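# Examining the three-dimensional arrangement
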Amino acid sequence: QVQLVESGGGLVQAGGSLRLSCAASGRPVSNYDVAWFRQAPGKEREFVAVISRSGGIYADSVKGRFTISRDNAKNTVYLQMNSLKPEDTAVYYCAEPYFERAPGHYANYRRYDYWGQGTQVTVSS
């Protein structure tokens, strides 16, 4: 059974940094795309980044500020968030698809079958 557990969220001032972790169990993260999404109150779930075998892909809103990485030995995916802005405030979720080569666009949340419980990130101005 695949389980994803996020951690690392918190309260930070604008311009600060946080590193989120997504610890996976049940199968190796190295074989699957792992994505980060976020959802702010009253807004739809939003794609943030995904890491595949070929590297990371980012939403335009976080490009140049966030970095996604993977530690296969720890079976964990990270999201390093720098230069945080108040508009980055949201609950952040990591997600994996069921299939190694999942159909659908990487930014579409319906592509992903396994989700963590989320971690709150709050950026104060």
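A few points on the structure. (Residues numbered from 1 in each chain as written. Predicted model: local features only at pLDDT ≥ 70, side-chain atom pairs only at ≥ 80, totals over all residues. Heavy atoms only, no water.)

## Remarks on the sheet that holds strand 1 (residues 3–7)
- Across the sheet, which stays open at both edges, the four strands sit in the order 1-3-8-7 with antiparallel pairing between neighbours. Two strands bound the open sheet, and with one partner strand each, they are strand 1 and strand 7 (66–71). When strand polarity is set aside, the average angle formed by the axes of neighbouring strands in this sheet is 15°.
- The pairing of strand 1 with strand 3 (residues 18–25) spans five bridges and is antiparallel. Among the inter-strand pairings, Val 5 is bridged to a residue of strand 3, identified as Ala 23. (Pairing = 2+ DSSP bridges. Helix = DSSP H or I, 4+ residues; strand = E, 2+ residues; numbered from the N terminus. Axes fitted to C-alpha atoms, helices over the stretch in contact; angles between N-to-C directions.)

## Quick look at the nonpolar core
- Counting 33 residues, the largest nonpolar core has Trp 36, Val 48, Phe 66, Val 77, Leu 79, Met 81 and Tyr 92 as the members making the most contacts within it.
- Contributions of two or more residues to this core are made by strand 3, strand 4 (34–39), strand 5 (46–52), strand 7, strand 8 (76–81), strand 9 (90–96) and strand 11 (119–124). (Core = buried A, V, L, I, M, F, W, Y, C linked by side-chain atoms within 4.5 Å. Buried < 20%, exposed > 50% of the residue type's maximum accessible area, 1.4 Å probe, protein only.)

## Overview of unusual backbone geometry
- Not every positive phi belongs to a glycine, and Asn 75 is a case in point at roughly 55°.
- Secondary-structure assignment places Asn 75 in the loop between strand 7 and strand 8.
- Notably, Ser 83 is not glycine yet its phi reads approximately 50°, a positive angle.
- Relative to the assigned elements, Ser 83 resides in the loop between strand 8 and strand 9.

## Some thoughts on the packing of aromatic side chains
- Considering all chains together, one arrives at eight aromatic pairs under this definition.
- Considering the side-chain rings of Phe 37 and Phe 47, the 5.8 Å spacing of their centres and the 75° angle between planes classify their relative orientation as edge-to-face. In this pair, Phe 37 sits in strand 4 while Phe 47 sits in strand 5, placing the two residues ten residues apart along the sequence. Grouping residues by exposure puts Phe 37 and Phe 47 together as buried.
- Seen from their ring centres, Tyr 93 and Trp 115 are 6.4 Å apart, and the 80° between their planes marks the pair as edge-to-face. You can see Tyr 93 sitting in strand 9 and its partner Trp 115 sitting in strand 10 (residues 114–115), a full 22 residues away along the chain.
- On the basis of relative accessibility, which here comes to 18%, the residue Tyr 93 falls in the buried class.
- Under the relative-accessibility criterion, Trp 115 is labelled partly exposed at 25%.
- Feature note: the residues Phe 37, Phe 47, Tyr 93, Tyr 106, Tyr 112 and Trp 115 constitute an aromatic cluster, connected by ring pairs.
- Of note, Arg 45 hangs over the ring of Tyr 93, and the distance from its end group to the ring centre comes to 5.6 Å. (Phe/Tyr/Trp six-rings, centres within 6.5 Å; stacked < 30°, edge-to-face > 60°. Lys NZ or Arg CZ within 6 Å of the ring centre and 35° of its normal.)

Note that every value here comes from positions in space, so none of it alone points to a role or purpose.
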